Amino acid sequence: MNNVIVSQIDLPTLFNNNYFYIPDYQRGYSWENEHRQALLDDILSTQKHLTDSQYKHFMGTIVAVNKQDEKNYDIVDGQQRLTTIILLIHSFVTVFENILKPDEIDRLNNLYLYRNNKQVFQSGLQEEILADVLSRSLYSQQAKIKQDQNIIDAINQFIIFFNSKRFNSENGENILKPHEFLNILENKLGFIFFVPKTSKTAGRMFEVINNRGKNLSELDKIKNYFVYIAEDENYDKFLKKINNKWGTILRNIQEAGFETIQEENEFLRSAWIVFGSPIKKNSYKVYQSLKDKTHNKKIRSRYCSDFFDFLVFSSQSLSNLFQAKLDKNKPYSKLDSLYEKLSVNLNINKSSMLPLVLSVFAITDSKDNFHVELLELIEIFNFRYYILQIANRNDSNQADLLKWAHWLYTKKDENGNSFSEPDLKALLIAFLSTKTKDKQFIEKLATHPEEETDFYRNWNRGLLFLLSRYELDLRITKDKRKTYSLKEIIPKRQKIKTNNHSEREHIWSKEFNPANMNISVPKTNLTYLIEFNKKRLGNFTLLSRSENSVNYHLPILNKMEIYRNSDYMLNKKLVEIAEEYFSYVKHEENFSYKGVNFKGAQGQDVLNYSVFLDIWESKLINFALKEWAVPNLNSNNARNSQVEINSFKYKELKPCGEKIYKLID
């Protein structure tokens, strides 16, 4: 075998008269701060070799395919590195444009950025954001999706870097001059540029390069396999479809909030369960499962193309679902309201229910009654069984849900019998009726005082969801002519919380302990009752972040004035209950308020507040029973249980026994 000598080329040689394009099927720009900092560290490490004309720091291999003519290339491997370098050069020119000579700026722009009125480096998936950034029109905006935000973050990181003391030290020590940095960038970095002779070879290389030695998501591997199949079988129609639509898949799922590799894999697993196989263990290795399923070359390309189409459709369905938001300036839409509620519901727990959601979207039209009925049932199911945590960790019933999703899509069950929308509806209702009875539902919300459940700590997102749904219901009840949005109440996932951000508010402050602790009621009973009240469901409402941060420590009755002026209908309802209850107890000989004995007890505040929170907890649970009631199979009407909470035996001045609620017909 003859020896092959491969030499490194520098950056100007790589870009000389060449144009580079990142195909849509490639992943968007995924490098974050630490990756870019590592690149900067590599570049700076070569500073000590500035005088060594032979030295080059190896930056990796760029693999590209010649698609149009010899100067236009699609990048197969190395796109993250090249994108970062282009953003770095752009930032360099931006910061030092008053120092660099005009002809030097023209040279850099012409070589790396714009040439003959054409962008030298383009990304199909991120064409718009990259063009905006390179034209200096977008530096500080918040992008809608993660890969676009990474580009904005890169520009800002590099601008901060070029404005740092390394380039602008006041005492002049260890300063790196702009022309020295440019010398490193253009003369001390070495690349291997490899262009396969045929696109079929490139397809094989694409799968091998991108599947080995990298932390790729299963979605990436699937994309690589699709490209390989299309190239290997000369399936031009499929390849064109991948190139045109893969970026759409990525953008859709990111718009739906699936941003991390784990979330991408969750989307892919759910789609495979519906389309390919309901066996859970196979869904964790979709790439291998797909290869196993398509070992027969006669069906391989057609099957892959059909699965690709399903991924496109599913991603669009999730984008529509998770971006749904009612507009107060537009008429109320029942479908958008359902999508809004379901999307917020699924953001708490989606892994078990997502295959069913995708299957329903695939089989039913949005105007179809079954579309609405089944999605409503899924929303009820997820709250009653998963969000309320009736399901245990060894959830054996998840396998049934996955099978039902696959059966609905394929229109037949595991025995080959016909399976359709009415069959799924019957199975869901039967499951809810037997596995999530109202008794179990209530006991998850009406925590017994002897239990250790802390709703603030142990039911964080579920609690916020329940309170927000009740707030929405109260707003709608007050004025049915207006359109109200759940997403205006419950906060989205975001790094920085605003002052309008809804937060869970302790009605009975965690820091507040009543002064009246002299006892006819045993002190131990009062102590446990105080701690219980701080953790229970009935001790919570909503406040904006700004209100909560100032008033969280106040006693209950002092908070009523805050609640009275709050924008939240929950708090106005609380004030109504407080005024009615505390007006009542002033006139009852067995109750007291502010100094009048409660059967001789000096812990009267504790007892009065406990009764007040019992009333509020009853309201919350009764709302939940109504909102997530299980419908009857032959009717959309549901039997609504009602409950009354009594957390303490007030007449006996001691804790309740096993049950603290009473069902009311």
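What you are looking at is a predicted structure, and each value in this text was computed from that prediction instead of being measured.

Caption draft 1: Structural context of the overall build of the protein. The helix and strand tally for the protein stands at 28 helices and 13 strands. Within the span of the protein, comprising 665 residues, buried residues form 54% of the whole. Of the contacts made within the protein by residues no fewer than 6 positions apart, 71% connect residues no fewer than 24 positions apart. Summed over all atoms, the accessible surface of the protein reaches about 31800 Å², with 46% contributed by carbon and sulfur.

Caption draft 2: Structural context of the packing of aromatic side chains. Under the counting rule described, the total for this entry stands at 52 aromatic pairs. Look at Phe15 and Phe20: their rings are 5.1 Å apart centre to centre, the planes differ by 65°, and that puts the pair in the edge-to-face class. Classification of Phe20 as buried rests on a relative accessible area of 1%. A centroid spacing of 5.8 Å and a plane angle of 85° characterise the contact between Phe258 and Phe322, whose relative ring orientation is edge-to-face. Of the two residues, Phe258 sits in the loop between helix H11 (236–255) and helix H12 (261–275) while Phe322 sits in helix H15 (residues 297–323), which places them 64 residues apart along the sequence. Residue Phe258 shares its accessibility class with Phe322, and that shared class is buried.

Caption draft 3: Representation of the nonpolar core in the model. The biggest cluster of nonpolar side chains holds 134 residues, and the ones touching the most others in it are Phe226, Trp246, Phe307, Leu311, Leu445 and Phe612. For this core, the leading source of residues is helix H28 (residues 604–627), giving twelve residues. If we ignore the near neighbours within four places in the chain, the residues touching Trp246 are Asp24, Tyr25, Leu219, Lys223, Phe226, Lys241, Phe308 and Leu311. Of all hydrophobic cores here, the second largest spans 55 residues; its members include Leu82, Phe92, Leu108 and Phe191.

Caption draft 4: Region of interest: the sheet that holds strand E2 (residues 57–66). One open sheet accounts for five strands, arranged E6-E1-E3-E2-E7; its pairing is mixed. Because the sheet does not close on itself, it has two edges, and the strands there are strand E6 (121–123) and strand E7 (189–194). Direction aside, neighbouring strands of the sheet carry axes that sit 35° apart on average. In this sheet, strand E3 (residues 72–77) lies alongside strand E1 (residues 19–22) in parallel orientation, the contact comprising three bridges.

Caption draft 5: Summary view of the confidence of the model for the protein. Counting all residues, the mean pLDDT for the protein is 83, and 83% of those residues have values of 70 or more. Across the protein, the secondary-structure element scoring lowest on mean pLDDT is helix H9 (residues 199–211), at 55, and the one scoring highest is helix H17 (residues 354–363), at 97. Below pLDDT 50 for its whole length, residues 1–5 participates in zero contacts with residues either more than four positions away or in separate chains. Counting interchain partners and residues more than four positions distant, the pLDDT-below-50 stretch residues 516–523 has 23 contacts.

Caption draft 6: The environment of Lys480, seen in detail. In this fold, Lys480 is placed in the loop between helix H23 (460–478) and strand E8 (502–506). Under the relative-accessibility criterion, Lys480 is labelled exposed at 69%. Along the chain, Lys480 and Tyr332 lie 148 residues apart, while their C-alpha atoms are 9.5 Å from each other.

Caption draft 7: Up close: the side chain of His371. Checked against the element boundaries, His371 lands in helix H18 (residues 369–387). Look at His371 and you get buried, because its relative accessible area is 1%. Here the side chain of His371 touches Thr364 through a polar contact of 2.8 Å, side chain to side chain. Sequence-distant contacts of His371, that is, excluding residues within four places in its chain, are made with Leu335, Tyr339, Val360, Phe361, Thr364, Asp365 and Ser366.

Caption draft 8: Expanded view of H11. Helix length check: H11, at 20 residues, gives a terminal C-alpha distance of 29 Å against a target of 28 Å (1.5 Å per residue), a fit within 8%. Helix geometry: H11 is bent most strongly at Lys245, by close to 40°. In the core, the buried residues of H11 are packed alongside helix H6 (146–162), helix H10 (218–232), H12 and H15.

Caption draft 9: Looking closely at helix H21 (residues 438–445). Within the sequence span of H21, burial applies to Phe441, Ile442 and Leu445. Seen end-on, H21 carries its buried residues on one side only, within an arc spanning 95°.

Caption draft 10: Fine view of the environment of Phe307. Checked against the element boundaries, Phe307 lands in helix H15. The buried category is assigned to Phe307, whose relative accessible area is 0%. In this structure the C-alpha to C-alpha distance between Phe307 and Ala271, which are 36 residues apart in sequence, comes to 8.7 Å. In contact with Phe307, not counting residues within four places along its chain, are Phe226, Leu268, Ala271, Trp272, Phe275, Val286 and Leu290.

Caption draft 11: Region of interest: the pattern of salt bridges. Tallied over the entire structure, the rule returns 29 salt bridges. Between Lys626 and Asp473 there is a salt bridge, with its nearest N and O atoms 3.6 Å apart. Here Lys626 is found in helix H28, whereas its partner Asp473 is found in helix H23, with 153 residues between them in sequence. Several salt bridges converge on common partners, so that one network encompasses Lys341, Glu379, Arg469, Asp473, Lys626 and Glu627.

Caption draft 12: Examining unusual backbone geometry more closely. A positive phi is found at Asn117, a non-glycine position, where the angle reads about 60°. Tracing the sequence through the fold places Asn117 in the loop between strand E4 (114–115) and strand E5 (118–119). In the Ramachandran plot, Asn234 falls in the positive-phi region, its phi being about 50° despite a non-glycine side chain. Tracing the backbone through its elements, the reader meets Asn234 in the loop between H10 and H11.

Caption draft 13: Region of the structure containing the pairing of strand E10 (residues 642–645). Every second residue of E10 is oriented toward a common face, the buried set being Val643 and Ile645 and the non-buried set Gln642 and Glu644. Looking at chain direction, E10 and strand E13 (residues 661–664) are connected through four bridges and run antiparallel. What sits directly across from Gln642, in E13, is Ile664.

Caption draft 14: Expanded view of the packing of H12 against H17. Put simply, H12 and H17 touch, their axes get as near as 8 Å, and they point 60° apart. When the axes of H12 and H17 are compared, the pair comes out oblique. Here the hand of the crossing between H12 and H17 comes out right-handed. Facing Glu266, Phe267, Ser270, Ala271, Ile273 and Val274 of H12, the residues of H17 in contact are Leu354, Pro355, Leu358 and Ser359. Per-class residue counts for the contact of H12 with H17 are seven nonpolar, two polar and one charged.

Cut-offs applied
- Residues numbered from 1 in each chain as written.
- Predicted model: local features only at pLDDT ≥ 70, side-chain atom pairs only at ≥ 80, totals over all residues.
- Heavy atoms only, no water.
- Helix = DSSP H or I, 4+ residues; strand = E, 2+ residues; numbered from the N terminus.
- Buried < 20%, exposed > 50% of the residue type's maximum accessible area, 1.4 Å probe, protein only.
- Contact = heavy atoms within 4.5 Å.
- Areas by Shrake-Rupley, 256 points an atom, 1.4 Å probe, with all protein chains shown as cover.
- Phe/Tyr/Trp six-rings, centres within 6.5 Å; stacked < 30°, edge-to-face > 60°.
- Core = buried A, V, L, I, M, F, W, Y, C linked by side-chain atoms within 4.5 Å.
- Pairing = 2+ DSSP bridges.
- Axes fitted to C-alpha atoms, helices over the stretch in contact; angles between N-to-C directions.
- pLDDT = per-residue confidence, 0-100.
- Polar contact = N/O pair within 3.5 Å; in protein donor to acceptor, adjacent residues only side chain to side chain.
- Expected span 1.5 Å × (residues − 1).
- Bend = angle between axes of the 7 residues up to and from the residue.
- Arc of directions from axis to C-beta.
- Salt bridge = Lys/Arg side-chain N within 4 Å of Asp/Glu carboxyl O.
- Parallel < 35°, antiparallel > 145°, perpendicular 65-115°, else oblique.
- Left-handed = near helix turned anticlockwise from the far one by under 90°.
- Nonpolar A, V, L, I, M, F, W, Y, C, P; charged D, E, K, R; others polar.

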